[in-house]
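The primary structure of each chain is shown beneath.
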Amino acid sequence: VKIAVYDNNRVGVVDGARLVDISDLVPGWDPKAPSVFMPAFMTAYAALAPRIRERLSAGPAVSWETVTLRPPVPAPSKILAAPVNYRAHQAEMTVPGAVYEGWTLHTVAHYGVFLKPPSSLLGSGGTIEIPFADRRTDHEGEVGVVIGRQGKDIRPEDAWEYVFGYTGVMDITVRGEEDRTYRKGFDTFTPMGPWIVTTDEIPDPRDLRLTLTVNGQVRQHASLRELIYDIPQLIAVASTRTTLFPGDVISTGTPDGVGPIRPGDRVVLSVEGIGELTADVALAAGEAWPRPPVR
Ligand code: MN
């Protein structure tokens with residue numbers, strides 16, 4: 001099932017062109033408290049699934065004309081993301097002429113995973129606001145794993161039991177020397193969606209393929225089979241001595257083809273079997289302070 005959050009944190013299910021409201025089936029649904037009702041919904045999902053499927057086939061469709069998509073997990077306890085996790089991307093960033101020429105870029109084995117603040121989330125159809133006109137800001141198309149069960153110290157062989165579903169993620173990034181959390185944590189820097197696809201619709205997530213375009217031109221295209229650290233390994237690393245909660249998202253890293261985005265661009269991340277996550281790009285209004293050094 002495809003689960004979307006839209007408008008005033010309403011919850012819906014999507015089937016082809018149909019969006020059907022299921023907010024009344026979500027335990028404790030409260031538009032002001034998505035950090036409470038989404039984890040509760042995910043925990044109760046297996047028991048609710050028959051009624052949700054019934055509603056999906058028989059319920060009235062919501063008109064897309066008036067819908068604003070929200071991030072499918074509007075208020076997760078955390079968003080974790082993998083640093084370099086594709087060999088071709090590791091290479092492209094350090095070759096002569098590249099932004100990190102001469103550096104050594106390590107992988108999860110060296111850096112572990114990093115945090116992106118939930119305040120950086122953006123729903124599909126939103127606008128990425130570039131904070132500094134004179135610094136390079138890049139797109140990173142990724143697949144996000146949505147956690148469905150609380151867990152800690154999860155072993156790779158048990159990891160699939162903790163997955164609720166999958167969604168598209170853009171890990172928007174200002175290049176430079178500051179901490180990743182700063183450079184990747186600005187408001188609007190984590191477009192997510194367009195919705196979550198539950199695990200029952202994705203027989204083998206290693207078969208997921210992503211394509212990212214800017215203004216219709218393909219920039220990134222890859223299969224999750226190319227991941228250096230696969231999904232079970234990422235869950236194991238992310239949960240080491242750290243509690244994962246339902247609704248937490250682990251973004252799996254970006255393949256090669258990373259490049260700059262500029263005001264006026266339209267970025268589309270499509271993941272086969274999930275859908276299209278769209279974002280426009282604009283310059284943030286007003287002067288940023290302090291002015292970080294330009295790399
Ligand atoms: Mn990334």
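Whatever comes next refers back to the structure up there.
Residues numbered from 1 in each chain as written. Predicted model: local features only at pLDDT ≥ 70, side-chain atom pairs only at ≥ 80, totals over all residues. Heavy atoms only, no water.

Visitor: Is there a simple way to think about the overall build of the protein in this case?
Guide: Along its length, the protein carries 5 helices and 19 strands. Relative to the globule expectation of 19 Å for 295 residues, the C-alpha radius of gyration of the protein, 19 Å, shows essentially globular dimensions. Summarising its shape, the C-alpha atoms of the protein cover approximately 55 × 45 × 35 Å along the three principal directions. Buried positions account for 54% of the 295 residues belonging to the protein. Pairs at least 24 residues apart make up 74% of the contacts formed inside the protein by residues separated by at least 6 positions. (Helix = DSSP H or I, 4+ residues; strand = E, 2+ residues; numbered from the N terminus. Rg over C-alpha atoms; globule rule 2.2 N^0.38 Å. Buried < 20%, exposed > 50% of the residue type's maximum accessible area, 1.4 Å probe, protein only. Contact = heavy atoms within 4.5 Å.)

Visitor: For this particular structure, what's the right way to read the pattern of salt bridges?
Guide: Two side chains with opposite charge may pair up if their charged atoms get near one another. Summed over all chains, the structure comprises 20 salt bridges. Taking the shortest distance from any N to any O, the salt bridge between R175 and D138 comes out at 2.7 Å. Separated by 37 residues along the polypeptide, R175 in the loop between β12 (173-174) and α4 (180-183) and D138 in strand β9 (residues 137-139) bring together distant segments of the chain. There is no split in this pair, since R175 and D138 are both buried. Here D280 and R266 are joined by a salt bridge, their closest N and O atoms 2.7 Å apart. Within this pair, whereas D280 is found in strand β19 (residues 275-283), its partner R266 is found in strand β18 (residues 266-271), the two being separated by 14 residues in sequence. A residue is classified by how much of its surface remains accessible, and D280, at 22% relative accessible area, is partly exposed. (Salt bridge = Lys/Arg side-chain N within 4 Å of Asp/Glu carboxyl O.)

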